[in-house]
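What follows is the residue order along each chain.
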Amino acid sequence: MTGGILYSIPSLALFIVPPSILGTRILDPINIIVALTFYAMALLIRSVVDGLRSVPDHVTQAASAIGYRRYRQLLQVELPITLPVIASGVRVVPVSTISLVSVGALIGTGGPGELFTQGFQLGLLTPIVVGGVLSVAITLLADGLLLFVQRILTPWARAGSVR
């Protein structure tokens, strides 16, 4: 629940809060890194919790019944079952992070969002389009890479769906 509340804070506001906590200047790039880390953690925590909640009770009871201790049960039974859910959540993080990096340009930290800002300030469409294309390309590349890793780590997740 805390992660959901954290994620609901507008990104621009969260970019401005870290200087008061960290003692940094408002235009310091570390503020963006801290804010993006908080957003990513909020998404990841939610994915892990959802994944662990998706493990059927009879599976955990069976693991306990055959003598699995809690740590071994988590690693060898629950984690393989939850891995597809967690991996799906992990794939959301780069999409969210890349879009939030663009917002960071509003406080002058640069990045692809700077193209959007310059385009709007100068009334030019080209930088806006280039910034959009770059953001989409980076997002698709990151998602494709994570999908590849997910398929390697979870071959059983798609084995039953192909017939």
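One can find the structure itself at the top, above this paragraph.
Bear in mind that the values here come from a model prediction, so they are computed numbers and not experimental data.

Novice: Just to check I follow, could you spell out the pattern of salt bridges for this structure?
Specialist: Close approach of charged atoms lets side chains of opposite charge pair. Applying the stated criterion to the full structure yields two salt bridges. The partner of Glu 78 in a salt bridge is Arg 70, and the shortest N-O contact between them spans 2.7 Å. For Glu 78, a relative accessible area of 4% translates into the label buried. In this structure, Arg 91 and Asp 143 form a salt bridge, with 2.8 Å as the shortest nitrogen-oxygen distance. With Arg 91 in helix H6 (residues 70-104) and Asp 143 in helix H8 (residues 125-153), this residue pair connects regions lying 52 residues apart in the sequence. Owing to a relative accessible area of 22%, Arg 91 belongs among the partly exposed residues under this scheme.

Novice: Is there a simple way to explain the side chain of Thr 82 in this structure?
Specialist: Take Thr 82: it is sitting in helix H6. Of note is the side chain of Thr 82, whose polar atom sits 3.1 Å from the backbone oxygen of Leu 79. Not counting residues within four places of it along the chain, the set of residues in contact with Thr 82 comprises Gly 51, Leu 52, Ser 54 and Val 55.

Thresholds applied
Position labels on residues start from 1 in each chain and follow its written sequence. Note on the predicted model: pLDDT of at least 70 is required for a residue's local features to be given, and 80 or more for side-chain atom pairs to be given and counted; whole-chain, interface and lining totals, by contrast, use all residues. Note that the side-chain values use all heavy atoms of the structure and ignore hydrogens as well as water. Criterion for a salt bridge: a side-chain nitrogen of Lys or Arg within 4 Å of a carboxyl oxygen of Asp or Glu. Relative accessible area decides the class of each residue, using a 1.4 Å probe on protein chains only: under 20% of the type maximum gives buried, over 50% gives exposed, and in between gives partly exposed. Under the scheme used here, helices are H or I runs from DSSP no shorter than 4 residues and strands are E runs no shorter than 2 residues, and both carry numbers assigned from the N terminus. Identification of polar contacts relies on pairs of N or O atoms within 3.5 Å, with a donor-acceptor requirement for protein atoms, meaning one able to donate a hydrogen and the other able to accept it, and with residues adjacent in sequence counted only if both atoms are side-chain atoms. Residue contacts are counted whenever heavy atoms from the two residues lie within 4.5 Å of one another.

So, to be careful, I would describe these as geometric facts and stop short of saying anything about function.
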